[in-house]
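Survey of secondary and tertiary structure
Okay, here's what each chain looks like letter by letter:
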Amino acid sequence: MPKMKTNRGAAKRFRTTGTGKIVRNKAFASHILTKKTTKLKRGLRKSTVLDRTNTRNVKRMLPYI
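Residues numbered from 1 in each chain as written. Predicted model: local features only at pLDDT ≥ 70, side-chain atom pairs only at ≥ 80, totals over all residues. Heavy atoms only, no water.

Some details on the sheet that holds strand β3 (residues 47-49)
- If you walk across this open sheet you meet the three strands as β1-β2-β3, and the pairing is antiparallel. The open sheet has two free edges, formed respectively by β1 (14-16) and β3, since each of these has just one partner strand. Neighbour-to-neighbour, the strand axes of the sheet open up by a mean angle of 35°, direction not taken into account. (Pairing = 2+ DSSP bridges. Helix = DSSP H or I, 4+ residues; strand = E, 2+ residues; numbered from the N terminus. Axes fitted to C-alpha atoms, helices over the stretch in contact; angles between N-to-C directions.)

Considerations on the environment of K12
- Positionally, K12 belongs in helix α1 (residues 8-13).
- C-alpha separation for the pair K12 and K41, spaced 29 residues apart in sequence, amounts to 22 Å.

Side note on unusual backbone geometry
- Residues other than glycine seldom take positive phi values, yet F28 does so here, at roughly 70°.
- Here F28 lies in the loop between β2 (22-25) and α2 (38-44).
- Despite not being glycine, I32 has its phi angle at roughly 55°, a positive value.
- Residue placement: I32 occurs in the loop between β2 and α2.
- Residue I32 is classed as partly exposed on the basis of its relative accessible area, which comes to 47%. (Buried < 20%, exposed > 50% of the residue type's maximum accessible area, 1.4 Å probe, protein only.)

Digging into the pairing of β2
- Sheet analysis places β1 next to β2, joined by three bridges and oriented antiparallel. Its bridge partner being in β2, F14 is matched across the sheet by R24.
- The loop that links β1 with its antiparallel partner β2 comprises five residues; one of these, G20, has a positive phi angle of about 100°.
- Note: β2 against β3, three bridges, orientation antiparallel. Note that in β3 the partner of N25 across the bridge is S47.

Focus: the side chain of K36
- With respect to the element layout, K36 can be found in the loop between β2 and α2.
- The buried charged residue K36 lacks any salt bridge, with D51 as its nearest oppositely charged partner at 21 Å.
- Side-chain polar atoms of K36 contact the backbone oxygen of F28, separated by 2.7 Å.
- What K36 contacts, discounting residues up to four positions off in sequence, is F28, H31 and K41. (Lys, Arg positive; Asp, Glu negative; His and termini not counted. Salt bridge = Lys/Arg side-chain N within 4 Å of Asp/Glu carboxyl O. Polar contact = N/O pair within 3.5 Å; in protein donor to acceptor, adjacent residues only side chain to side chain. Contact = heavy atoms within 4.5 Å.)

Next comes the structure, spelled out in structure tokens:
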């Protein structure tokens, strides 16, 4: 049986923690930042754990992670 292919776009966007949870970066932090508050922009810098409803789809795209 051939190897499964990793979705390269997903591999650049997600990573796993030591306990196996999937971590992602937050959206809306790249441009049009003048109207966003400092508090909001500071929160967008942090990464967050992927929602449980999306976990199965992401794990399917990343079979070896």
